[in-house]
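What follows is each chain in one-letter form.
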Amino acid sequence: MRAKAIRGDRGERAERAQRADGGGRPDDDGRPERTPHQRSEREVDATASVIRARGLTKRYGDVLAVDHLNLDVRPGEVFGLLGPNGAGKTTTILMLLGLSEPTDGHAEVAGFDPTRDPLEVKRRVGYMPDDVGFYGALTGRQNLRYTARLNGIDRRDVEGRLDALLEQVGLRDVADRAVETYSRGMRQRLGLADALVKDPSVVVLDEPTTAIDPAGVAEVLDLIASIARDRGAAVLLSSHLLHQVQQVCDRVAVFVGGRVVAQGTMRRLAEQMGGESLQMEVGAQGAPEEVEAALRSIDGVREVERDPHDTRLWRVAGARNLQPRLAGELSARGIGVWHLRRIGDDLDEIYMRYFAKEGPGDDSAA
Amino acid sequence: MTAQPETLPARRNERSEPSHGPATPRRRSPGGGWRVIADKEFGDHILSVRLFILIAVLGLAAVAAVYSTTAYVRDNAQQAAGSTGLFVLLFSASSPSSQIPPFTTLVALLGPLLGIAFGFDAINGERSERTLPRLVAQPIHRDDVINGKFAAGLAAIALVLVAIVVLVSGFAFYQLGIVPGPDDIARVAAWVVATVIYVGFWLAFAMLCSVVMRRAATSALAAIAVWLVVTLFASLLTGIVADALSPVPADATLDQQVANAQLNLDLSRISPGELYSEATAYLLDPTTQSVGIILPSQQPAAPSILPFEQSLLLAWPQGVALIALTVVCFGAAYVVFMRQEVRA
């Protein structure tokens, strides 16, 4: 089996991790200034990661839900699994928990193989499923107590633990109300507490911010960050809402059609995906022809076009860091600049661009 | 949520104090997962509306049946004086003039409902509440879920049945002043056990439905449909099959007729209802010596009263067959559940 070969050879493993981490992109090696640092980081990965997947594959009939996934998550890190609905995020999570058997490949979570030792894995992994549900007739505390008992936590330890957790997620006041009276956000926070009941070394959160209001999202994200920071647990979270999780994730993997198309820190991802080109949005006062001529005269500008929705805006594509020169040139020509924004560096836009570029089912990419 | 960072260190300090135990919580040895589930499920059953509805329905039926029987028993008390079966008669007899069937018939009819009520939403209920992924992500075996739920359902069923039998006994004591003897108590207790097994079969069947069908309503409907078919049409079906396999021509010999009847009986014993009613006949009627085909030549000269041990021995095969049917349903539910994806 392939997994055995990987285990036997540490060097090969690091190399595989290397290849996996770059998402197999050919331009990965085109950045010599980053490579040494990245490599040493990855070698640590291979030995210290608490979640490790190599060639993890899940096939449902003809559909390849997850295609040779390689993944490394270290303790104290928040790792984001990003991708549209149906990209295979939940399937991956279920395989890591031993709730679904991989068709091929190997995973190791908290030192155990989820396929062979699912109980050992489940003992150490706190899991909050997508669209988490609770027993509506029971109170929040009763629901958590049930989880604690299923984990075999000694009765003497349970109550103090539950109090602390309920306090932490801000549900102490409503802990003795039936869960059916909870709002969606409250349930989500109860889900987080539920995942923490067993004092896990790995926390897996499936879509933790879906369907809650912005204030609730901020609270949940705060909590997630504190789980990794204060408990030193590895957090793996999946989401399709990139702008929500980009503030908490240390690293992300972009997942499309069952495959990782990009992986790395947020900044690296932005560079990787943005390339050398940059888009800007310019709002200028003046005759359109003059503005266009001015913009085109700037060295490095490749493309200028009117915004189709707002005629006062211009879209400029060109080399990096044109902003100061744009502003300078325009004001030198007596054209007032009232708006200047870099677009395309926001990860959400990158993410959208990725989907446009490599939508599900497109096999030529990566 | 800005208060978070302050609360966290405090919590950690608490945990490091000896009064709060070690940093990692103490854990029981694994293997008791089903008991935790059974505990919780039984608690749910006890407080559920359905338990009260079932106790009310079965209790009313029981009181009505026994009330009509008491009059009959009182009239016949003179003949029956001295025999041990008077108390047991309350459960199994009914007055010929009354429209109300005896208590045992009512239980045979309504018992399956009890099993279906506690099982039809066992697994798909967890699915629709979306608690199943969370439940199976805990360190328990997947069969613990089914085992625990079955144990809890069986306990709830036993509770309902014992409550009703005690109610009926109390009623008999109050109305007739009958004090059951040890033989009576043993017979009724054995009958309650047989009933729990019988209802347990329907519980296992309903749980199988709840595993196979994703919606609780569909599963309840399917279970009830099978229950009705088995109760109402089983004898018709077995008759048709028996006639096809072992035809009885117009000039049939005695052997042919016996063969046909025997086949019919054997086929009907696939039905749990038939098995249960045979077991009931043995256990509650001390004069029953056989539920099979008895030719006039084989009939004993005078009906003799069997001791309880002998009746129990006669009912044993039926009990074993009922348990086997239950195990088959249970095993099927188990296999299907193990193969299912957690995600709906």
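In what follows, the structure referred to is the one given above.
Residues numbered from 1 in each chain as written. Chains lettered and ligands numbered in written order. Predicted model: local features only at pLDDT ≥ 70, side-chain atom pairs only at ≥ 80, totals over all residues. Heavy atoms only, no water.

Enquirer: Tell me about the pairing of strand β11 (residues 301–306) of chain A, and please be specific about residues and values.
Expert: Residues and elements named next belong to chain A. Note: β11 against strand β12 (residues 313–318), five bridges, orientation antiparallel. Note that in β12 the partner of Arg 306 across the bridge is Trp 314. Between β11 and β12, which pair antiparallel one after the other, the connecting turn spans six residues. (Pairing = 2+ DSSP bridges. Helix = DSSP H or I, 4+ residues; strand = E, 2+ residues; numbered from the N terminus.)

Enquirer: Any details on helix α7 (residues 155–168) of chain A? Residues and values, ideally.
Expert: An α-helix turns once per 3.6 residues; consequently, residues spaced three or four apart project the same way. Residue and element names in this part refer to chain A. Between its terminal C-alpha atoms α7 stretches 20 Å, which fits the 20 Å expected from 14 residues at 1.5 Å a residue. All of the buried residues in α7 are Asp 157, Val 158, Arg 161, Leu 162, Ala 164, Leu 165, Leu 166 and Gln 168. Downstream of α7 by one or two residues, Gly 170 has phi in the positive range, about 70 degrees. (Expected span 1.5 Å × (residues − 1). Buried < 20%, exposed > 50% of the residue type's maximum accessible area, 1.4 Å probe, protein only.)

Enquirer: I'd like to hear about the state of the cysteines, residue by residue, with values.
Expert: Residues and elements named next belong to chain B. Throughout the structure, instances matching the rule amount to zero disulfides over all chains. Here Cys 209 is not disulfide-linked; the sulfur of Cys 329 is the nearest cysteine sulfur, at 8.2 Å. With relative accessibility at 5%, the residue Cys 209 sits in the buried group. (Disulfide = S-S within 2.5 Å.)

Enquirer: How would you sum up the interface of chain A and chain B? Please name residues and give values.
Expert: Residue-level contacts link 47 residues of chain A with 38 residues of chain B. Carbon and sulfur atoms make up 51% of the surface buried where chain A meets chain B, a total of about 4,200 Å² over both sides. Looking only at chain A, the three residues that lose the most surface to chain B are Tyr135(A), Tyr146(A) and Leu150(A), adding up to 16% of its buried area. At the junction of chain A with chain B, the criterion picks out four salt bridges. Put simply, chain A and chain B have 14 residue pairs in polar contact (both at pLDDT 80 or more) between them. Looking at the side of chain A that touches chain B, the elements that each hand over two or more residues are β1 (51–60), α4 (89–96), α5 (118–124), α6 (140–150), α7, α8 (184–196) and α9 (214–231) of chain A. When residues of the side of chain A that touches chain B are assigned to their parent elements, the largest contribution, seven residues, is made by α7(A). (Contact = heavy atoms within 4.5 Å. Buried area = accessible area lost by both parts, 1.4 Å probe. Salt bridge = Lys/Arg side-chain N within 4 Å of Asp/Glu carboxyl O. Polar contact = N/O pair within 3.5 Å; in protein donor to acceptor, adjacent residues only side chain to side chain.)

Enquirer: Could you give an account of the sheet that holds strand β2 (residues 63–73) of chain A, with specific residues and numbers?
Expert: Residues and elements named next belong to chain A. Spatially, the three strands line up as an open sheet ordered β2-β1-β4, and their pairing is antiparallel. Two strands bound the open sheet, and with one partner strand each, they are β2 and β4 (104–109). Averaged over all pairs of adjacent strands, the angle between strand axes in this sheet comes to 20 degrees, irrespective of strand direction. Sheet topology note: the β1/β4 ladder contains five bridges and is antiparallel. Across the sheet, residue Arg 54 finds its bridge partner in β4, namely His 106. Across the sheet, α4 touches β1, β2 and β4, and the angle it forms with β1 is around 120 degrees. (Axes fitted to C-alpha atoms, helices over the stretch in contact; angles between N-to-C directions.)

Enquirer: Lay out helix α12 (residues 272–284) of chain B in plain terms, naming residues and giving numbers.
Expert: Residues and elements named next belong to chain B. Given a rise of 1.5 Å per residue, 13 residues ought to cover 18 Å, and the 18 Å separating the end C-alpha atoms of α12 matches this to within 8%. What α12 keeps buried is the set Pro 272, Leu 275, Tyr 276, Glu 278, Ala 279, Thr 280, Tyr 282, Leu 283 and Leu 284. In this structure, the buried side of α12 is in contact with α4 (86–92), α5 (103–119), α9 (182–212), α10 (216–245), α11 (254–268) and α13 (308–339). Measuring from the backbone nitrogen of Gly 273 back to the side-chain oxygen at the start of α12 gives 3.2 Å, which picks out Ser 271 as the cap.

Enquirer: Please provide a residue-by-residue account of the packing of aromatic side chains, values included.
Expert: All names here are of chain B. One pass over the structure, following the stated rule, counts 10 aromatic pairs over all chains. With a centroid separation of 6.3 Å and an interplanar angle of 55 degrees, the aromatic rings of Tyr 67 and Phe 171 are classed as tilted. Here Tyr 67, found in helix α3 (residues 49–80), pairs with Phe 171, found in helix α8 (residues 142–176); they are 104 residues apart in sequence, far enough to count as distant. Seen from their ring centres, Phe 91 and Trp 191 are 6.1 Å apart, and the 50 degrees between their planes marks the pair as tilted. Placement of Phe 91 in helix α4 and of Trp 191 in helix α9 is noted, with a sequence separation of 100 residues between them. The burial state of Phe 91 is the same as that of Trp 191; both residues are buried. (Phe/Tyr/Trp six-rings, centres within 6.5 Å; stacked < 30°, edge-to-face > 60°.)

Enquirer: Lay out the sheet that holds β12(A) in plain terms, naming residues and giving numbers.
Expert: Residues and elements named next belong to chain A. An order of β11-β12-β10-β13 is seen for the four strands of this open sheet, with the pairing classed as antiparallel. Every other strand in the sheet has two partners, leaving β11 and β13 (336–343) as the edge strands with one partner each. Averaged over all adjacent pairs, the angle separating strand axes in this sheet is 25 degrees, with direction ignored. The pairing of strand β10 (residues 278–285) with β13 spans seven bridges and is classified as antiparallel. Paired with Ala 284 across the strands is Val 337, a residue of β13. Strands in contact with helix α13 (residues 323–332) are β10 and β13; relative to β13, the strand with the most contacts, it is inclined by about 165 degrees.

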